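Letter by letter, the chains look like this.
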Amino acid sequence: MVNLVFLDQETLPPEAHLRRPEFAHHWQSYDETQPEQVQVRLAEADIVLVNKVTLTAQMLTTLPRLKLIALTATGSDNVDLEACRQAGIAVCNVRNYSKSSVPEHALSLMMALNRSLHAYRNSITEGRWQQSGQFCYFDYPVRDLAGQTLGLIGYGTIAKDLEKIAQALGMKVIVAARKGQTPTEGRVSFEYLLENADVISLHCPLTDDTHHLIAEPEFKLMKDDALLINVGRGGLVDEAALLLALEHQQIGGAGFDVVTAEPPTADNPLMHALAYPNFILTPHVAWASRASMQRLADQLIDNIEAFVAGKEQNRLV
């Protein structure tokens, strides 16, 4: 009998049907798990399903029975992968499940900011249209995506799908080389992208190298009407620097779906940035179309069944 424990099932919505594995097993799930509860809840676990709960090296050394960590996401920054290698614990993740949902969300943020939809809607609720006395008013800029340059930082599946959509809308797309590296064929330097892109979209993982990839020096290089889109990870951007860039009108606006610490505290710079009409924040839902969520749930169980059958699938370790 294989013991499976899901530490934070509440991170999956109820409409995503999570089928049970076909092999003999015992299933235990918790809506959420605090750090001090991890070791007790996983004491008898062979397989753990986890989304955001952190699994540290210290925790893993106390769980000799654990054989597989099945991530319910693509990102793995909440798991000490090196400790898993040393302990002989396999790790797998889910991949490409949101290849339509995330690019569409990024595009939605671009469009909303380019057309100032958020700003105009708010101004209408405040009575501005009636005050104008005209059939329309021009308080905020309205721009077309067609003819603009989209700069991609990170070039995985999601970025490539966004590239196709952007090109279909008439945008020029450029892709950055890694920061500090000489660009290879098909790439431009990191600095060139910052200086020339009208829209910059982030699609890279959060690592030591990419932490605060965009900070005060980078904002100074951007066009004063450039948009910054982040549907990747919150820590990619120095949020305090973004708030200052918006305050001093160094950039044209920003659309974020992620925050460094989620949910954000009331004093997070992005919560203060909501006061600006050219900033949009959504609660990490870019991935969460119904189709994407079901693909994630299905692939999660597929990964587990493959592991029990002795097959490697979507393995990180």
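Structure first, text after, so check above.
Being a predicted model, the structure only gives us computed values, none of them experimental. (Residues numbered from 1 in each chain as written. Predicted model: local features only at pLDDT ≥ 70, side-chain atom pairs only at ≥ 80, totals over all residues. Heavy atoms only, no water.)

Caption draft 1: Spotlight on the packing of aromatic side chains. Evaluation of the coordinates by the stated rule reveals four aromatic pairs. Each ring, one from phenylalanine 256 and one from phenylalanine 279, has its centre 6.0 Å from the other, and the planes form 50 degrees; the classification is tilted. Here phenylalanine 256, found in strand S10 (residues 253-256), pairs with phenylalanine 279, found in strand S11 (residues 279-281); they are 23 residues apart in sequence, far enough to count as distant. Overall, phenylalanine 279 belongs to the buried group, its relative accessible area being 0%. These aromatic residues form a ring-pair network of at least three members: Tyr120, Tyr137 and Tyr140. Directly above the aromatic system of tyrosine 137 lies the positively charged group of arginine 128, at a separation of 4.9 Å from the ring centroid. (Phe/Tyr/Trp six-rings, centres within 6.5 Å; stacked < 30°, edge-to-face > 60°. Helix = DSSP H or I, 4+ residues; strand = E, 2+ residues; numbered from the N terminus. Buried < 20%, exposed > 50% of the residue type's maximum accessible area, 1.4 Å probe, protein only. Lys NZ or Arg CZ within 6 Å of the ring centre and 35° of its normal.)

Caption draft 2: Local environment of the nonpolar core. In terms of nonpolar packing, the biggest core is built from 44 residues, with Leu18, Leu49, Met110, Leu150, Ile229 and Ile304 touching the most fellow members. The residues contacting leucine 150, other than those within four sequence positions of it, are Met110, Leu162, Ala166, Met171, Lys172, Val173, Ile174, Val199 and Ser201. Residues Leu213, Ile214, Leu246 and Ala254 belong to the second largest nonpolar core, which totals 31 residues. (Core = buried A, V, L, I, M, F, W, Y, C linked by side-chain atoms within 4.5 Å. Contact = heavy atoms within 4.5 Å.)

Caption draft 3: View of helix H12 (residues 290-308). When the terminal C-alpha atoms of H12 are compared, their 28 Å separation across 19 residues agrees well with the 27 Å that a helix rising 1.5 Å per residue should span. Along H12, the residues that are buried comprise Ser292, Met293, Leu296, Ala297, Gln299, Leu300, Ile301, Asn303, Ile304, Glu305 and Ala306. Looking one or two residues beyond H12, the residue adopting positive phi is glycine 310, at roughly 85 degrees. (Expected span 1.5 Å × (residues − 1).)

Caption draft 4: Main features of the sheet that holds strand S1 (residues 2-6). Judged by pairing direction, the sheet is parallel, and its five strands sit side by side in the order S2-S1-S3-S4-S5 without closing on themselves. With one partner strand each, in any of the chains shown, strand S2 (25-29) and strand S5 (90-92) form the two edges of the open sheet. Put simply, the sheet's adjacent strands are angled 15 degrees from each other on average, direction ignored. Taken together, the five bridges between S1 and S2 define a ladder with parallel strand orientation. The residue of S2 that forms the bridge with valine 2 is histidine 25. (Pairing = 2+ DSSP bridges. Axes fitted to C-alpha atoms, helices over the stretch in contact; angles between N-to-C directions.)

Caption draft 5: Region of interest: the pattern of salt bridges. This model, assessed by the stated rule, comprises 15 salt bridges. Where aspartate 46 meets lysine 67, a salt bridge forms, and the shortest distance between an N and an O atom there is 3.0 Å. Residue aspartate 46 is located in the loop between helix H1 (38-41) and strand S3 (47-50), and its partner lysine 67 is located in the loop between helix H2 (57-60) and strand S4 (68-71); the two are separated by 21 residues in the primary sequence. Look at the salt bridges and you will find they share partners, linking Arg19, Asp298, Asp302 and Glu305 into a network. (Salt bridge = Lys/Arg side-chain N within 4 Å of Asp/Glu carboxyl O.)

Caption draft 6: Spatial organisation of the sheet that holds strand S9 (residues 227-230). Strands sit in the order S7-S6-S8-S9-S10-S11 across an open sheet of six strands; the sheet is parallel. Edge strands, defined here as strands with exactly one partner in the open sheet, are strand S7 (172-175) and S11. Direction aside, neighbouring strands of the sheet carry axes that sit 15 degrees apart on average. Strand contacts of helix H4 (residues 101-114): strand S6 (149-153), strand S8 (199-202), S9, S10 and S11, with the helix running at about 155 degrees to S9, the strand carrying the most contacts. Packed onto the sheet, helix H10 (residues 239-247) meets S10 and S11 and runs at close to 145 degrees relative to S10.

These figures come from the coordinates and say nothing about function on their own.
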